Amino acid sequence: MKISGFTYIRNGFDYQYPFIASINSLLPIVDELIVVVGSSSDGTKEAIEALSNDKIKIVDSVWDDSLRIGGKAFAEQSNIGIKHSTGDWLIHLQADEVLMQDAKNKILECIQKADAKKNVDGILFPFLHFWGDYQHIRNTRRTHRFEIRAFKNNRDVFSYRDSQGFRKYSNRSRGKKLNVIKTEVRLFHYSYTRHPKLMKKKSNYFQRFWHSDNWISKKTDSTLFDFNDVDRLEIYKGEHPKYMQDIINKKDWEFNYEASRSKSKFTDRILNFIEKHTGYRLFEYKNYNLIS
């Protein structure tokens, strides 16, 4: 069985994406890794080439900045990666998602199990969403607990919405949800772990892929990102992937979480209370069909 990985990135250094860590965490698991590199001016492509790994296949692309509805530009880049992948199974990591160094055997075992089931299309991964620094995670109704990151390469599966997940698009315009099984392998998501000034710059730039210039102009009145403008955070005391250690060691900002400034809505607080005491998340959005 051949396994392909795919990811996409543009100007990864300018916005301090841990894309090299992400790539290095995926390389041991796959037979080929398709890296779709948008036209960059910060040495992103050169850094990937410098890895000198025969598994890596770079595909040059040009982002369509006019795709400003629902993050379609990201789905387009993801789909380029899918179309260039030749494996029986595909594994996708976004440029700010990293696997632990011991993930290989567990993922391959889960793929073997899923591959033997005709009614299973993919694998669902649990997420850890880091926020503000590397000691806080955001685990609320405003984040996805699970998402599809591996699936059978049936040539009819493509990115859904902004490439958060995937669906079958054989005959349905909105796609058909994939049947999946869960893995216990966690994905470490580092989307909100940057200096507040750089985080604000990144936020301002990437908002253009969802919103109009008028909307953005009303949201860019500060030079620093306020990490306390959040519903709720939890303390993380576990380890991080070894691929992230150099990045974590270079952290040059401090974040002090102020729980009193919580932005949780009243209904969310009630639903969070129920989830805490029952373990069940009511009315959770699920872009998949979980097969027991």
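It should be noted that the structure appears before, not after, this text.
Because the structure is a prediction, the values reported are computed rather than measured. Residue indices begin from 1 for each chain and proceed along its sequence in written order. Where totals are concerned, whole chains, interfaces and linings use all residues; where local detail is concerned, this predicted model gives features only for residues with pLDDT of at least 70, and gives and counts side-chain atom pairs only at 80 or more. Derived side-chain values reflect all non-hydrogen atoms in the structure, with water molecules and hydrogen atoms excluded from consideration.

1. Structural notes on the layout of surface pockets
Space inside and on the surface of the protein is sampled on a 1 Å grid over the protein atoms alone, with a cavity defined as a set of points where a 1.4 Å probe fits but cannot get out and a pocket as an open set with protein on both sides within 12 Å along at least 5 of 7 lines; lining residues have an atom within 4 Å of a point. Grid points are joined across faces, edges and corners, and a volume is the space filled by probe spheres set on the points. For the second largest pocket, the calculated volume is near 390 Å³. Lining the second largest pocket are 19 residues; nearest its centre among them are Gln16, Tyr17, Pro18, Tyr134 and Ile247. Only DSSP runs of H or I with at least four residues qualify as helices, and only runs of E with at least two residues qualify as strands; both kinds are numbered from the N terminus onward. At three residues, helix α1 (residues 19-26) tops the list of elements feeding residues into the lining of the second largest pocket. Tallied by class, the residues present in the lining of the second largest pocket amount to 12 nonpolar, three polar and four charged. Ten residues, namely Ala, Val, Leu, Ile, Met, Phe, Trp, Tyr, Cys and Pro, are considered nonpolar, four, namely Asp, Glu, Lys and Arg, are considered charged, and the remaining ones, Gly among them, are considered polar.

2. Quick word on the pattern of salt bridges
Opposite charge on two side chains allows them to pair when their charged atoms are near. When a carboxyl oxygen of Asp or Glu lies within 4 Å of a side-chain nitrogen of Lys or Arg, that pair is called a salt bridge. The tally for this structure, following the rule as stated, stands at 14 salt bridges. The partner of Arg149 in a salt bridge is Glu97, with the nearest N and O atoms 2.9 Å apart. Placement of Arg149 in strand β8 (residues 146-152) and of Glu97 in strand β5 (residues 97-98) is noted, with a sequence separation of 52 residues between them. Each member of the pair, Arg149 together with Glu97, is buried. As a salt-bridge pair, Asp226 and Arg261 come within 2.4 Å of each other at their nearest N and O atoms. In this pair, Asp226 sits in the loop between α6 (213-217) and β14 (234-235) while Arg261 sits in the loop between α7 (245-249) and α8 (266-278), placing the two residues 35 residues apart along the sequence. Linked by salt bridges that have partners in common, Arg145, Glu275, Arg281 and Glu284 make up one network. Classification of residues uses two cut-offs on accessible area relative to the type maximum, computed with a 1.4 Å probe and protein chains only: under 20% is buried, over 50% is exposed, and between them is partly exposed.

3. With respect to the side chain of Lys202
Looking at the secondary structure, you find Lys202 in helix α5 (residues 196-206). When checking whether two residues touch, look at their non-hydrogen atoms; a contact exists if any pair is within 4.5 Å. What Lys202 contacts, discounting residues up to four positions off in sequence, is Tyr15, Tyr17, Ser191 and Arg194.

4. Some thoughts on the side chain of Arg281
Tracing the backbone through its elements, the reader meets Arg281 in the loop between α8 and β15 (289-290). Two N or O atoms count as a polar contact when they lie within 3.5 Å, although within protein this holds only if one can serve as hydrogen donor and the other as acceptor, and sequence-adjacent residues are included solely when both atoms are side-chain atoms. A distance of 3.2 Å separates the side chain of Arg281 from the side chain of Asn139, its partner in a polar contact. A polar atom in the side chain of Arg281 sits 3.1 Å from the backbone oxygen of Thr140. Not counting the four nearest positions on each side in its chain, Arg281 is found in contact with Asn139, Thr140, Arg141, Thr143, Arg145 and Glu275.

5. A few points about helix α3 (residues 72-84)
A rise of 1.5 Å per residue sets the reference length of α3, with its 13 residues, at 18 Å; its end C-alpha atoms lie 19 Å apart and thus fit the reference within 8%. Within α3, the full set of buried residues consists of Ala73, Phe74, Ala75, Gln77, Ser78, Asn79, Gly81 and Ile82. Helix span, expected: 1.5 Å multiplied by one less than the number of residues in the helix.

6. Some points on the packing of aromatic side chains
Pairing of aromatic rings covers Phe, Tyr and Trp, the last counted by its six-membered ring, and requires centre-to-centre distances within 6.5 Å; plane angles under 30 degrees mean stacked, over 60 mean edge-to-face, and any other angle means tilted. If you walk through the whole model with that rule in mind, you get 21 aromatic pairs. Each ring, one from Phe188 and one from Tyr236, has its centre 6.4 Å from the other, and the planes form 85°; the classification is edge-to-face. Of the two residues, Phe188 sits in strand β13 (residues 187-192) while Tyr236 sits in the loop between β14 and α7, which places them 48 residues apart along the sequence. The exposure class of Phe188 is buried, given its relative accessible area of 1%. Above the ring of Phe146, the side-chain terminus of Lys182 is found at 4.0 Å from the ring centroid. Remark: a charge is flagged as sitting over a ring if the NZ atom of Lys or the CZ atom of Arg is within 6 Å of the ring centre and within 35 degrees of the ring normal. Between the NZ or CZ atom of Arg194 and the centre of the ring of Tyr17, over which it lies, the distance is 4.7 Å.

7. Some thoughts on the nonpolar core
Ile91, Leu99, Ile107, Ile123 and Phe151 are the most contacted members of the largest nonpolar core, which has 55 residues in total. Here this core takes five residues from strand β2 (residues 32-38), the largest share from any one element. If we ignore the near neighbours within four places in the chain, the residues touching Phe151 are Phe6, Ile82, Trp89, Leu90, Asp121, Gly122, Val157, Phe166 and Leu178. In plain words, nonpolar cores are sets of buried Ala, Val, Leu, Ile, Met, Phe, Trp, Tyr and Cys residues tied together by side-chain atoms within 4.5 Å. If you look at the next biggest cluster of nonpolar residues, it comprises 21 residues, including Trp131, Tyr134, Tyr236 and Tyr243.

8. A word on the sheet that holds strand β11 (residues 176-177)
Any two strands are treated as partners once DSSP identifies two or more bridges connecting them. One open sheet holds the three strands; their spatial order is β9-β10-β11, and the pairing between them is antiparallel. At either end of the open sheet lies a strand with only one pairing partner, and these are β9 (157-160) and β11. Across four bridges, β9 lies against strand β10 (residues 165-168) in antiparallel orientation. Bridge pairing in β10 places Tyr160 opposite Gly165. Between N-to-C directions, angles cover 0 to 180 degrees, with each direction set by a line fitted to C-alpha atoms, over the stretch in contact for helices. In the packing of α3 onto the sheet, the strands contacted are β9 and β10, and the crossing angle to β9 comes to about 165°.

Keep in mind these values describe shape, not function.
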